[in-house]
Amino acid sequence: QVQLVESGGGLVQAGNSLRLSCAASGRTFSIYAMGWFRQAPGKEREFVAGIDSGGGRTAYADSGKGRFTISRDNAKNTVYLQMNSLKPEDTAVYYCAVVRRWSIATREQEYDYWGQGTRVTVSS
């Protein structure tokens, strides 16, 4: 069992930055790939970024390429999402998730554990 707790969300103006964190419990964190998803009001949850278990490979949705950076610190059991140049359309609840394999997954159905989410609101 893995438990995930997100933090770092909040209200920011467009153009500013936020860094989300996701702290994971369990000693097996370092062998699993991680991902960030988001769900905007009235929309389905969508993939934002993923990182493999070692942190050497990452993947991004087109919406975040060049603006978002996913990283992880396996010593701290934490994965991060640095979000720069935020836009109002980035407003959503952001979730981190664990997939029980080493390689990146981009589909929601592949993920095994989810956090409760942290809300990000970007004002124009």
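Residues numbered from 1 in each chain as written. Predicted model: local features only at pLDDT ≥ 70, side-chain atom pairs only at ≥ 80, totals over all residues. Heavy atoms only, no water.

S.K.: Go over the sheet that holds strand β7 (residues 68-73) with me, naming the residues and quoting the values.
M.R.: Read across the open sheet, the four strands follow the order β1-β3-β8-β7; overall the sheet is antiparallel. Because the sheet does not close on itself, it has two edges, and the strands there are β1 (4-7) and β7. Put simply, the sheet's adjacent strands are angled 15 degrees from each other on average, direction ignored. Examined bridge by bridge, β7 and strand β8 (residues 78-83) share six bridges and lie antiparallel to one another. Each bridged residue has a counterpart across the sheet, and for Ser 71 the counterpart in β8 is Tyr 80. (Pairing = 2+ DSSP bridges. Helix = DSSP H or I, 4+ residues; strand = E, 2+ residues; numbered from the N terminus. Axes fitted to C-alpha atoms, helices over the stretch in contact; angles between N-to-C directions.)

S.K.: Mind laying out the layout of surface pockets, listing which residues take part and the relevant values?
M.R.: Empty space left among the atoms is revealed by rolling a probe the size of a water molecule over them. Here the largest pocket is characterised by a volume of approximately 160 Å³. As for the largest pocket, its lining consists of 13 residues, and the residues nearest its centre are Arg 38, Lys 43, Glu 46, Glu 89 and Asp 90. A breakdown of the residues in the lining of the largest pocket according to their chemical character gives two nonpolar, three polar and eight charged. (1 Å grid on protein atoms, 1.4 Å probe; cavity = no way out; pocket = protein on both sides within 12 Å on 5 of 7 lines; lining within 4 Å. Points joined across faces, edges and corners; volume = space filled by probe spheres on them. Nonpolar A, V, L, I, M, F, W, Y, C, P; charged D, E, K, R; others polar.)

S.K.: Please set out the packing of aromatic side chains residue by residue, giving values where relevant.
M.R.: Considering all chains together, one arrives at four aromatic pairs under this definition. Pairing Phe 37 with Tyr 111 gives two aromatic rings, centres 5.1 Å apart and planes at 85 degrees, and the pair type is edge-to-face. Residue Phe 37 is found in strand β4 (residues 33-39), and its partner Tyr 111 is found in the loop between β9 (92-99) and β10 (113-114); the two are separated by 74 residues along the sequence. Given the relative accessible area of 6%, Tyr 111 is considered buried. Among the aromatic residues, those joined into a cluster by ring pairs are Phe 37, Phe 47, Tyr 111 and Trp 114. The positively charged end of Arg 45 is found above the aromatic ring belonging to Tyr 95, 4.7 Å away from the centroid. The ring of Trp 114 carries the charged tip of Arg 45 above its face, separated from the ring centre by 3.8 Å. (Phe/Tyr/Trp six-rings, centres within 6.5 Å; stacked < 30°, edge-to-face > 60°. Buried < 20%, exposed > 50% of the residue type's maximum accessible area, 1.4 Å probe, protein only. Lys NZ or Arg CZ within 6 Å of the ring centre and 35° of its normal.)

S.K.: Would you mind going over the state of the cysteines in detail, with residue names and values included?
M.R.: Taken as a whole and assessed by the stated rule, the structure comprises one disulfide. Two residues, Cys 22 and Cys 96, share a disulfide whose sulfurs are 1.9 Å apart. Classification of the bridge connecting Cys 22 and Cys 96 rests on its S-S torsion, roughly 45 degrees, and on that basis the disulfide is right-handed. In this pair, Cys 22 is assigned in strand β3 (residues 18-24) and Cys 96 in strand β9, connecting sequence segments 74 residues apart. Just as Cys 22 is buried, Cys 96 falls in that class too. (Disulfide = S-S within 2.5 Å.)

S.K.: Can you lay out the side chain of Asp 52 for me, pointing to particular residues and giving the numbers?
M.R.: With respect to the secondary-structure elements, Asp 52 resides in the loop between β5 (46-51) and β6 (58-60). Buried charge without a salt bridge: Asp 52, with Arg 57 as the nearest opposite-charge side chain at an N-O distance of 4.8 Å. Within the structure, the side chain of Asp 52 is placed 2.8 Å from the backbone nitrogen of Gly 55, a separation counted as a polar contact. Beyond its immediate stretch of four places on either side in the chain, Asp 52 contacts Ala 33, Arg 57, Arg 72, Trp 102, Ser 103 and Ile 104. (Lys, Arg positive; Asp, Glu negative; His and termini not counted. Salt bridge = Lys/Arg side-chain N within 4 Å of Asp/Glu carboxyl O. Polar contact = N/O pair within 3.5 Å; in protein donor to acceptor, adjacent residues only side chain to side chain. Contact = heavy atoms within 4.5 Å.)

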